[in-house]
Amino acid sequence: QVQLVESGGGLVQAGGSLRLSCAASGRTFSPYTVAWFRQAPGKERKFVARITWSGTSTYYPDSVKGRFTISRDNAKNTVYLQMNSLKPEDTAVYYCAASEVVYAINSYEYESWGQGTQVTVSS
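Fair warning: this is a prediction, and the values are worked out from it, not measured in the lab. (Residues numbered from 1 in each chain as written. Predicted model: local features only at pLDDT ≥ 70, side-chain atom pairs only at ≥ 80, totals over all residues. Heavy atoms only, no water.)

(A) Quick peek at the packing of aromatic side chains. Summed over the entire model, instances satisfying the criterion amount to six aromatic pairs. Ring centres of F37 and W113 lie 5.0 Å apart, and the angle between their planes is 50 degrees; on these two criteria the pair is classed as tilted. On the criterion of sequence distance, the pair formed by F37 in strand β4 (residues 33-39) and W113 in strand β10 (residues 112-113) is long-range, its members being 76 residues apart. With a centroid separation of 6.4 Å and an interplanar angle of 65 degrees, the aromatic rings of Y110 and W113 are classed as edge-to-face. Judged by its relative accessible area of 5%, Y110 falls in the buried class. Here the aromatic cluster, defined as three or more aromatic residues joined through ring pairs, consists of F37, F47, Y59, Y95, Y110 and W113. In this arrangement the basic side chain of R45 is found over the ring face of Y95, its NZ or CZ atom lying 3.9 Å from the centre. (Phe/Tyr/Trp six-rings, centres within 6.5 Å; stacked < 30°, edge-to-face > 60°. Helix = DSSP H or I, 4+ residues; strand = E, 2+ residues; numbered from the N terminus. Buried < 20%, exposed > 50% of the residue type's maximum accessible area, 1.4 Å probe, protein only. Lys NZ or Arg CZ within 6 Å of the ring centre and 35° of its normal.)

Take a look at the structure:
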């Protein structure tokens, strides 16, 4: 497994932007697929974005499509989530995760998880 550490969360007003980072240690990120999930209080963890190890394939649910962008720098062992036009409903703890399944979008397909970073969007 690879160890993951998220950073970049914080408090932002609606309409603002944040960039989250997910840094890997212990093992290189390649060839893992990496995803971001989020979990709001009292709700289940939900898929937010996914990027394959090559960076050529990304996938987003409709809830964030056009607002969020996932990218990766394998040389720096880091994956990013750029979040624009944030809404109060984006408030959650955001987790990055790594999987050996190329097109994984379900949480059970991911074997390595970070500790999470809080994102709070005020109205």
